[in-house]
Amino acid sequence: MTPLGAKIRELREKRGVSLKEMAAALSVSSAYLSALEHGKRGKPTWFLVQRIISYFNVIWDEAEEIQRLAELSDPKVSIDTSGMDPKATELANQLALKIGGLSSGSLAHLLHQLRVVAAKDNV
């Protein structure tokens, strides 16, 4: 599941909306919406993200969160480390090799650590 997929599911469940109902309202198939939630489809278009925001009638912070999550929800990421420090290439390859076996807690820890060091380096 992608970050956006988890958010969509959370909003649907809070509002008691079925996948089929939401898909019909957004003019997409329920299969597509299910695949989007489960990370089987790439990140949605800007237009679809705006329709999702309108569908849930969210404003300001929550709308910005949905847009941010959509940007972070591409399940097929490619990292080009050419021209970077060799440690960047090693990090990208180690992550690609091991990410599937990491627990949710370990993933949360690594994500937190990345945010901390990125802030320290002003990235």
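Rules of the game
- Residues numbered from 1 in each chain as written.
- Predicted model: local features only at pLDDT ≥ 70, side-chain atom pairs only at ≥ 80, totals over all residues.
- Heavy atoms only, no water.
- Buried < 20%, exposed > 50% of the residue type's maximum accessible area, 1.4 Å probe, protein only.
- Helix = DSSP H or I, 4+ residues; strand = E, 2+ residues; numbered from the N terminus.
- Arc of directions from axis to C-beta.
- Contact = heavy atoms within 4.5 Å.

(A) Representation of helix α4 (residues 46-56) within the structure. Along α4, the residues that are buried comprise Leu48, Val49, Ile52, Ile53 and Phe56. Angular distribution of buried residues about the axis of α4 spans 145°; they occupy a single face of the element. Among the exposed residues of α4, those pointing more than 90 degrees away from its buried face are Trp46, Phe47 and Ser54. On its buried face, α4 is in contact with α1 (3-15), α2 (19-26), α3 (30-37) and α5 (60-71). One or two positions beyond α4, positive phi appears at Asn57, with a value near 55°.

(B) Looking closely at unusual backbone geometry. For Asn57, which is not glycine, the phi torsion reads 55° and is therefore positive. In this structure, Asn57 sits in the loop between α4 and α5. At Asn122, a residue that is not glycine, the phi angle is positive and equals roughly 55°. On the secondary structure map, Asn122 appears in the segment after α7 (104-120). Judged by its relative accessible area of 72%, Asn122 is exposed.

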